[in-house]
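Residue strings, one per chain:
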Amino acid sequence: MKIIQTVSQLEALLQQYRGEGKTIGFVPTMGALHTGHQRLVELCASENDVCVVSIFVNPTQFNNKEDLQRYPRTLDADSELLLKADADVLFAPSVEEVYPEPDNRIFDFGLLDKVMEGHFRPGHFNGVAQVVSKLFAYTKPDRAYFGEKDFQQLAIIQAMVKQLQLPLQIVPVPIVREPSGLAMSSRNQLLSEQQRSEAANIYRVLSESKLSVESSTPAEVIRWVVDRISEVEELEVEYFEIVDGESLQPILSWGVAESVVGCIAVFCGSVRLIDNIRYK
Ligand code: PAF
């Protein structure tokens with residue numbers, strides 16, 4: 001696996017691969033890699049001639065300085081995982097390399113980024129779009145892989161690719177869960193053992209809520225989920241929304257939307273976790 005830190009070296013290497021007729025797959029990450037990332041990388045490596053992974057903790061997507069500072073950074077362990085998962089290139093640039101000058105671009109995603117994560121983390125998705133558009137420009141991948149845990153991020157990236165008319169395919173990859181049901185996340189490393197087991201209640205309650213879809217309105221299911229999760233001592237729900245899987249706008253009844261997803265953000269102590277469940 002080649003480890004590259006500058007944009008010019010990455011571009012030169014990938015141009016050479018492209019010249020040899022090789023397809024390029026790309027997995028953008030912020031490091032602190034876990035089995036969920038491993039799944040993305042393995043899939044990318046199996047579907048493309050060259051698998052590029054980036055590790056870059058992007059400052060512009062953190063609306064909270066403390067969160068940025070304590071985001072786990074584990075480059076040595078990450079490199080080992082990437083080797084095992086068959087990645088060919090690791091791109092790990094510095095902040096100065098990606099932002100030699102401030103990025104002042106403002107993206108317009110309409111209502112997509114006004115709800116849920118966009119509402120509670122103002123500016124977050126603009127920062128994600130800034131960095132991912134830069135990373136796409138450096139790598140020019142044929143395919144890029146994103147986990148469905150960040151359901152709203154996936155919708156934003158798809159909208160951005162459409163807006164910028166980028167010639168690449170976005171490949172959504174299902175959530176990978178710990179045996180307890182807890183969605184794999186880099187932030188899980190910040191949980192104590194006790195918190196980790198309490199956090200497993202998030203997915204347990206979401207799964208159980210599917211049973212009441214026939215007999216309850218979306219508003220009733222929302223109330224039920226929030227109440228059940230709030231019963232767990234360490235957990236505090238920031239939001240739980242049941243939305244149209246395309247527009248991400250809240251639904252009032254189950255009937256109209258083709259796909260319906262419940263998206264949740266929960267504080268477990270001071271660690272913010274997100275998860276989602278598909279109702280249809
Ligand atoms: O999902 C993430 O890890 C980040 O938001 C991403 C896509 C790598 C952009 O920094």
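Everything numeric in this text was worked out from a predicted model, so none of it was measured. (Residues numbered from 1 in each chain as written. Predicted model: local features only at pLDDT ≥ 70, side-chain atom pairs only at ≥ 80, totals over all residues. Heavy atoms only, no water.)

1. Examining a nonpolar patch on the surface
A cluster of nonpolar side chains, contributed by Met1, Ile3 and Leu83, occupies part of the molecular surface with about 280 Å² of accessible area. With respect to the element layout, methionine 1 can be found in the segment before β1 (2-4). Using a relative accessible area of 34% as the deciding quantity, one classes methionine 1 as partly exposed. (Patch = residues over 30% accessible without salt bridge, like charges linked within 9 Å, V, L, I, M, F, W, Y side chains within 5 Å. Areas by Shrake-Rupley, 256 points an atom, 1.4 Å probe, with all protein chains shown as cover. Salt bridge = Lys/Arg side-chain N within 4 Å of Asp/Glu carboxyl O. Helix = DSSP H or I, 4+ residues; strand = E, 2+ residues; numbered from the N terminus. Buried < 20%, exposed > 50% of the residue type's maximum accessible area, 1.4 Å probe, protein only.)

2. Thoughts on the sheet that holds strand β5 (residues 143-147)
An order of β1-β4-β3-β2-β5-β6 is seen for the six strands of this open sheet, with the pairing classed as parallel. Single-partner strands in this sheet number two, and they are β1 and β6 (169-173). Neighbour-to-neighbour, the strand axes of this sheet turn through a mean angle of 25°, independent of strand direction. Pairing between strand β2 (residues 24-29) and β5: two bridges, direction parallel. Counterpart to glycine 25 in the pairing with β5 is arginine 143. (Pairing = 2+ DSSP bridges. Axes fitted to C-alpha atoms, helices over the stretch in contact; angles between N-to-C directions.)

3. Some details on the site of the ligand
By nearness alone, every residue bordering the ligand is listed as Pro28, Thr29, Met30, Gln61, Val131, Val132, Phe146 and Gln153. Residue glutamine 61 places a side-chain N or O atom 2.6 Å away from an oxygen atom belonging to the ligand. Side-chain polar atom of glutamine 153 to an oxygen atom of the ligand: 2.7 Å apart, as the coordinates give it. Here the ligand has 290 Å² of accessible area as a free molecule, and 89% of this is covered by the chains. At the level of elements, β2 and α7 (124-139) are the ones that each hand at least two residues to the shell around the ligand. (Near = heavy atom within 4 Å. Polar contact = N/O pair within 3.5 Å; in protein donor to acceptor, adjacent residues only side chain to side chain.)

4. Some details on helix α1 (residues 7-19)
The end-to-end C-alpha distance of α1, which contains 13 residues, comes to 18 Å, matching closely the 18 Å that a straight helix rising 1.5 Å per residue would cover. Within α1 the residues assigned to the buried category are Val7, Leu10, Leu13, Leu14 and Tyr17. Buried residues of α1, viewed axially, fall in a sector of 135°; they line one side. Structural note: α1 exposes Ser8, Gln15 and Gly19 on the side pointing more than 90 degrees away from its buried face. Considering only its buried residues, α1 is in contact with β1, β2, β3 (50-55), β4 (89-91), α5 (95-98) and α7. (Expected span 1.5 Å × (residues − 1). Arc of directions from axis to C-beta. Contact = heavy atoms within 4.5 Å.)

5. Focus: the pairing of β5
Regular strands place side chains that alternate from one sheet face to the opposite one. Pairing between β5 and β6: five bridges, direction parallel. Paired with arginine 143 across the strands is glutamine 169, a residue of β6. The handedness of the β5 to β6 crossover, carried by helix α8 (residues 151-163), is right-handed. (Right-handed = clockwise from strand over helix to strand, strands pointing away.)

6. Details of helix α4 (residues 75-84)
Buried within α4 are the following residues: Asp78, Ser79, Leu81 and Leu82. The arc enclosing the buried residues of α4, seen along the axis, measures out at 165°, which places them on a common side. Turned more than 90 degrees away from the buried face of α4, the exposed residues are Asp76, Glu80, Leu83 and Lys84. Check the buried side of α4 and you find it contacts α2 (35-47), β3 and β4. A positive backbone phi angle near 80° is found at aspartate 86, which sits one or two residues after α4.

7. Quick look at unusual backbone geometry
Positive phi, normally seen in glycine, also occurs at methionine 116, with a value near 50°. Considering the arrangement of structural elements, one finds methionine 116 in helix α6 (residues 116-120). Positive phi values are uncommon outside glycine, yet lysine 140 reaches one of about 40°. Secondary-structure assignment places lysine 140 in the loop between α7 and β5.

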